[in-house]
Amino acid sequence: FLQVLNEKKLQEVDSLWKEFETPEKANKIVKLKHFEKFQDTTEALAASTALVEGKLSKNLKKILKKIVAKDAHEQLAVADAKLGGVIKEKLNLSCIHSPMVTELMRGIRSQIEGLITGLPSREMAAMCLGLAHSLSRYKLKFSPDKVDTMIIQAISLLDDLDKELNNYIMRCREWYGWHFPELGKIVTDNLTYCKCVRKVGDRSNFASCDVSDILPEEIEEDVKAAAEISMGTEVSEEDINNIIHLCDQVIEISEYRTQLYDYLKNRMMAIAPNLTVMVGELVGARLIAHAGSLLNLAKHPASTVQLLGAEKALFRALKTKRDTPKFGLIYHASLVGQSNTKNKGKISRMLAAKTALTIRYDALGEDTSAEMGAENRLKVETRLRLLEERGIRRISGTGKALAKSDKYQNKSEVKVFDPSGDSTLPVVSKKRKIQEVDAQDTEVAVKAKKFKAEIK
């Protein structure tokens, strides 16, 4: 609390800054009346947030009762008009807020080190910086526990592991396939295949080796039978050792991938529980990684969330003036996968709208429960069910009514075979035949007479 010594100079608002050019001048205008220090940063943050929200904290209330009550006849200058109203209401103290007070506060802040003695400038700067960071986190509702960088790195590593695993398994199957090609057709699971190869090694060992802990009994018998009549080539022990080493790598990477997936699932449920419930942890993590952070993703509208990951297709469609894509990364969500081809666009649009709400709730909200995500998912599932059952409702001026559609009735007509289509000859009536024969006879008679006349 600072007391004003010369109130006349405060009337000149435009030139008030000149009185705070140096600490000596500032000490002639105001002097320190009472100083109360905070015990720690948490207490300072609580007091600062109360001031930002225009509330009266408990410590400030106690100090006002002790110090200002003695000088109740004097006015209290406050920087926030809302806070002044609260003080006047609860403590019945006269408060003032004006442009003059704003300039006075600005001057006091510029010379605070000279007005409050015993505070080193380095410590003051460090305390101000720490409090500013804490206050900024509070304003953004940002918690240090919610670090989405870990999610971005984890999902990127998970994708890289999938690519590497695919390459390793393909190489392992092709390599061991020269020695025992039939095993690849019998054992389809990649991890089981690598475990079998690592345990048995040479195909001749299948007859004496027990792989019942890896394979079911029926498949084990098929493998042993195929090993006796295999068409594969013989390989050296060194080749088998290299293949087994590759199998070890595949199994280790697979186990690490499972562990990483569990870690990613837990982090997603801690940072974005509602988003995870809506689209799943993998799709949610890819959306966050594509946007750069959860806060950046929260700034995107629903239409952008719907098309994230399909930028190339979108700009190609705009350039060639064709139909734009209906979905991007959100296509891999389970709700879009459940719908048929006709309704995928509608469901992806509705899912993107609800997902945008859950993202903002996760990024800026204080609640860490997943109730909102579960409610929105239920709405989308209900809409999907209505579309699948063709129970689409239309909204008219009088209210909601079921869309009218004609009932389908199967009208089966019995068709009789027409035998007239079998003959390829034209059908001519008997009368017409007789007339044609008479006409031909007369033509022949006329020609005969002419022929005789020419001979004569």
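Residues numbered from 1 in each chain as written. Predicted model: local features only at pLDDT ≥ 70, side-chain atom pairs only at ≥ 80, totals over all residues. Heavy atoms only, no water.

### Thoughts on unusual backbone geometry
Stage number 1. If you check the backbone angles, Lys-321 has positive phi at about 60° while not being a glycine.
Stage number 2. Positionally, Lys-321 belongs in the loop between helix H17 (311–320) and helix H18 (334–338). (Helix = DSSP H or I, 4+ residues; strand = E, 2+ residues; numbered from the N terminus.)

### Concerning the nonpolar core
Stage number 1. Counting 62 residues, the largest nonpolar core has Tyr-176 and Leu-183 as the members making the most contacts within it.
Stage number 2. With 11 residues, helix H12 (residues 237–271) is the largest single contributor of residues to this core.
Stage number 3. Counting contributing residues per domain, this core is built from domain 2 (146–261) and domain 3 (272–389), each supplying no fewer than three.
Stage number 4. Dropping the residues within four chain positions of it, Leu-183 is found in contact with Tyr-176, Tyr-193, Val-197, Phe-206 and Val-223.
Stage number 5. In this structure, Ala-26, Ile-29, Val-101 and Ile-108 belong to the second largest nonpolar core, which totals 11 residues. (Core = buried A, V, L, I, M, F, W, Y, C linked by side-chain atoms within 4.5 Å. Buried < 20%, exposed > 50% of the residue type's maximum accessible area, 1.4 Å probe, protein only. Domains from an automatic or database assignment. Contact = heavy atoms within 4.5 Å.)

### As for the side chain of Arg-377
Stage number 1. Examined against the element boundaries, Arg-377 turns out to sit in helix H20 (residues 371–388).
Stage number 2. Exposure remark for Arg-377: the relative accessible area of 18% places this residue in the buried category.
Stage number 3. Polar contacts involving the side chain of Arg-377 include one to the main-chain carbonyl oxygen of Val-277, which spans 3.3 Å.
Stage number 4. Beyond its immediate sequence surroundings of up to four residues, Arg-377 is in contact with Val-277, Met-278, Ser-334 and Leu-335. (Polar contact = N/O pair within 3.5 Å; in protein donor to acceptor, adjacent residues only side chain to side chain.)

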